[in-house]
Amino acid sequence: MGTCRLDVKGAIQVGITYKNLSTDARHGGGHFRISVEVPVMGMELRDLVAQFNSSCQPNWKEQLNKTKSFCISEQAVWDAYKRVKANDGGPGYDGQTIKDFEKDLKKNLYKIWNRMSSGSYLPPPVLRTEVPKDDGRMRPLGIPSVSDRIAQMVAKLYLEPALERIFHPDSYAYRPNKDAIQAITKARRMCWQYDWLVDLDIKGFFDNIDHDLMMQAVRVHTDSKWILLYVERWLKAPVQFEDGSLAKSDKGTPQGGVISPLLANLFLHYAFDRWLSETFPNNPFERYADDAIVHCQTEEEAQAMMVAISERMGLCKLELHPVKTKIVYCKDDNRKGEAEHTSFDFLSYTFRMRTAKTKRGKLFNGFNPAISTNAANRIRNKIRSWKLHRRSDISIFDISKEHNAILRGWTNYYCKFNKTVFWPILKQFNQILVNWANRKYKKLHNRKKRLFRWMKRMAEVYPKLFHHWTSGVGVATVR
């Protein structure tokens, strides 16, 4: 019998047989199967195909599938690879980048498919690192290796369609055709209709998901043995810290894994979304991962709601964050009461009473979102870290190439609501450009009028050089 290799286009190609080579599926409940997993050395793949075609039977593919424990398509592995490549991402514990993986793409993809199909795929350790949060604290992040991200994506592509059908419409994180802006839009509308809300934050959610409860939820929606096998293995994959030490994983799922967001949404679908909508059908909510808002009519109702949710989280072996979880009063011109908390942060936006204009130009105080102070400070620090005033070796087109995509992302997100609160940051960037030109060009040095004319000319000739120049924050804002 010939061996099956994964072509880079997702098709099956045939190679020669090598004796006494196998992948062992004895780990974690896999069945014993004999298969081949060796590189083709010293011969062109088309030559191997030609050699085998003379003896190949019409049903060779069916015969090959009979030697595998699980039926996983080669096309699924190829599709998963393309998704992972598009998402980019850093290297895992082995330091391998996507470019390194692609140096022997056929062999590496075949290895993933062969091991997953035979039941012998064992997830490697997940690299644990930390990234800064908006409030200055550090968030633990788990980074799987490139090959493991592809394997996780294979399972996600199979499992996600079934779960999408049952997820609550007000769950917005990590879902197709759902995003943070939709969550903020719904939250703003509900804050106008309901006077009180419970601002929820689950303490260390990704690190504290109970594995047994998680697997119970997965089994409700699939009886696929290979998905159940590998999801359990990914949950229990060891963690490797930056100093090289290893630790067992007895709870949680890595925040940074490909399949982790899907599993997290499934867990909270039963722990929170479905329970809340059935138990309190008159209280709308918005949830984005482990951040959620539940709207209430009265303060007493909000207090009872927080107690009920806390008890529910306890039953699901989770805990509400004691500081971040609070009751908020949506104060505005029509709601003039007093409360301990009259503002809250949600998805890097701060909701509070703000001055706004009606369509007729009349001023009023409404409860509305705008970029939060923490998010604004983080962006300012990021712009400072570019140190553009020292980059006299590059042109303004180089600056645009390096940073315009980031500026576009910030502008598109933070200008959706109360954009004038975000504009000072963009004006600051314009001023940094002026300072950069002042240092770079001798003819413009310390000549304010010439600098302004030069900037204005650049904006007129290249209006799309920086995204915010066409979004109301042009060079006229420079002083």
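Up top is the structure.
Residues numbered from 1 in each chain as written. Predicted model: local features only at pLDDT ≥ 70, side-chain atom pairs only at ≥ 80, totals over all residues. Heavy atoms only, no water.

Thoughts on the sheet that holds strand E13 (residues 363-371)
Step number 1: Taken together, three strands build an open sheet; the order of strands is E11-E12-E13 and the sheet is antiparallel. Two strands close off the open sheet at either side, each with one partner strand: strand E11 (344-346) and E13. The sheet shows a mean angle of 50° between the axes of neighbouring strands, direction not considered. (Pairing = 2+ DSSP bridges. Helix = DSSP H or I, 4+ residues; strand = E, 2+ residues; numbered from the N terminus. Axes fitted to C-alpha atoms, helices over the stretch in contact; angles between N-to-C directions.)

A word on the pairing of E13
Step number 1: Judged from the nine bridges that link them, strand E12 (residues 349-357) and E13 form a sheet pairing that is antiparallel. The residue bridging Arg354 from the neighbouring strand is Gly366, located in E13.

Quick word on the packing of aromatic side chains
Step number 1: Following the criterion strictly, the structure yields 29 aromatic pairs and no others.
Step number 2: Centre to centre, the rings of Phe344 and Phe351 are 4.7 Å apart; their planes meet at 10°, and the pair counts as stacked. Here Phe344 and Phe351 have matching classes, each one buried.
Step number 3: With a centroid separation of 5.6 Å and an interplanar angle of 65°, the aromatic rings of Tyr349 and Tyr413 are classed as edge-to-face. Residue Tyr349 is located in strand E12, and its partner Tyr413 is located in helix H14 (residues 396-414); the two are separated by 64 residues in the primary sequence. (Phe/Tyr/Trp six-rings, centres within 6.5 Å; stacked < 30°, edge-to-face > 60°. Buried < 20%, exposed > 50% of the residue type's maximum accessible area, 1.4 Å probe, protein only.)

Side note on the nonpolar core
Step number 1: Ranked by internal contacts, the top residues of the largest apolar core, which has 71 residues, are Met116, Ile150 and Phe272.
Step number 2: Among the elements that line this core, the one with the most residues is helix H11 (residues 260-279), at ten residues.
Step number 3: Apart from residues no more than four positions distant in its own chain, Ile150 is found in contact with Val77, Ala80, Tyr81, Val84, Phe101, Leu109 and Ile112.
Step number 4: Counting 52 residues, the second-largest nonpolar core is a separate cluster that includes Ala187, Ala376, Cys415 and Met455. (Core = buried A, V, L, I, M, F, W, Y, C linked by side-chain atoms within 4.5 Å. Contact = heavy atoms within 4.5 Å.)

Concerning the packing of H11 against helix H12 (residues 299-315)
Step number 1: Their axes nearest at 10 Å, the elements H11 and H12 cross at an angle of 145°. Crossing hand, H11 versus H12: right-handed. Note on element contacts: H12 touches H11 through Met305, Ala308, Ile309, Arg312 and Met313, opposite Tyr270, Ala271, Phe272, Trp275 and Leu276.
Step number 2: A per-class count over the contact of H11 with H12 returns nine nonpolar, no polar and one charged. (Left-handed = near helix turned anticlockwise from the far one by under 90°. Nonpolar A, V, L, I, M, F, W, Y, C, P; charged D, E, K, R; others polar.)

Quick look at the side chain of His403
Step number 1: By the element assignment, His403 lies in helix H14.
Step number 2: Here His403 falls in the buried class, since its relative accessible area comes to 8%.
Step number 3: Polar contacts involving the side chain of His403 include one to the side chain of Glu402, which spans 3.5 Å.
Step number 4: Setting aside residues no more than four positions away along its own chain, His403 makes contact with Trp386 and Leu388. (Polar contact = N/O pair within 3.5 Å; in protein donor to acceptor, adjacent residues only side chain to side chain.)

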